Amino acid sequence: MSASSTARRIAATVLAAGAMVSIVALPASAHDGDRHRTPKVEISRVQADSPGRDNRTNRSLNAEWVEITNNTRHGINLDGWTLKDEDGHRYRFNDVRLAGRSTIRIHTGEGRDTRTDLFQDRRNYIWDNHSDTATLRDDRGRTIDTESWGRHHHR
């Protein structure tokens, strides 16, 4: 057997082995990626029912909130994004940048915005204690995430 045919056989064996590894590994990694994929930005928690009596005090209103989490390493500009309930109450993010791997809490009542807490400055509750859906949309109106509870729970 010549050196060139030996080299060709070795190359063919290496290529075939590499192809087999790819075939075996690819479906597993592709499947795991789909099943366990973490969204870039998501509604991570909702407290629709503020603790205690619903007496519409600012303290009670601010105990009703939605958390938005950025799961990427990079900051995301939320300017123009909206958070909406089923009744059409809409909060619009203005000049808000959500840092990488961080969470921001959007309270219903009045307060001073910080990098971790935003306030809708409302005097009435937004989220239904028993059943509602929070919808987060980007500045182009595309649905980024929804979170439902009660009879509309679908997650």
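Look above for the structure.
All of the points below concern the structure found in this document. Owing to the predicted nature of the structure, the values given are computational and were not obtained by experimental measurement.

Parameters at a glance
Residues numbered from 1 in each chain as written. Predicted model: local features only at pLDDT ≥ 70, side-chain atom pairs only at ≥ 80, totals over all residues. Heavy atoms only, no water. Helix = DSSP H or I, 4+ residues; strand = E, 2+ residues; numbered from the N terminus. Pairing = 2+ DSSP bridges. Axes fitted to C-alpha atoms, helices over the stretch in contact; angles between N-to-C directions. Phe/Tyr/Trp six-rings, centres within 6.5 Å; stacked < 30°, edge-to-face > 60°. Buried < 20%, exposed > 50% of the residue type's maximum accessible area, 1.4 Å probe, protein only. Lys NZ or Arg CZ within 6 Å of the ring centre and 35° of its normal.

## Here's the deal with unusual backbone geometry
Line of reasoning, step 1. If you check the backbone angles, Arg56 has positive phi at about 60° while not being a glycine.
Line of reasoning, step 2. Mapped onto the elements of the fold, Arg56 is located in the loop between strand S1 (41-47) and helix H2 (58-62).
Line of reasoning, step 3. For Arg101, which is not glycine, the phi torsion reads 50° and is therefore positive.
Line of reasoning, step 4. On the secondary structure map, Arg101 appears in the loop between strand S6 (97-98) and strand S7 (102-107).

## Some words on the pairing of strand S10 (residues 143-149)
Line of reasoning, step 1. As judged from the 6 bridges shared by strand S9 (residues 132-137) and S10, these two strands associate in the antiparallel manner. Of the residues in S10, the one forming a bridge with Leu136 is Asp145.
Line of reasoning, step 2. Between S9 and the antiparallel strand that follows it, S10, lie 5 residues; Gly141 among them carries a positive phi value of about 85°.

## Describing the sheet that holds strand S2 (residues 65-70)
The strands making up a sheet associate through backbone hydrogen bonding, with each pair oriented either parallel or antiparallel.
Line of reasoning, step 1. Here we have 4 strands laid out as an open sheet, ordered S1-S2-S7-S8, and mixed in their pairing. Looking along the sheet, the strands with just one partner apiece sit at the ends: S1 and strand S8 (117-119). Looking at each pair of strands side by side, their axes are set apart by 25° on average, direction ignored.
Line of reasoning, step 2. In the sheet, S7 pairs with S8 via 3 bridges, with the strands oriented parallel. Residue pairing in the sheet places His107 in a bridge with Phe119 of S8.

## Quick look at the packing of aromatic side chains
Line of reasoning, step 1. Here the structure, examined in full by the defined rule, presents 2 aromatic pairs.
Line of reasoning, step 2. Note on Tyr91 and Phe93: the rings are 5.1 Å apart at their centroids and 80° apart in plane angle, and the pair reads as edge-to-face. Here Tyr91 matches Phe93 in class, with each residue buried.
Line of reasoning, step 3. One Lys or Arg, Arg105, reaches over the ring of Trp65 and ends 3.7 Å from the middle of that ring.

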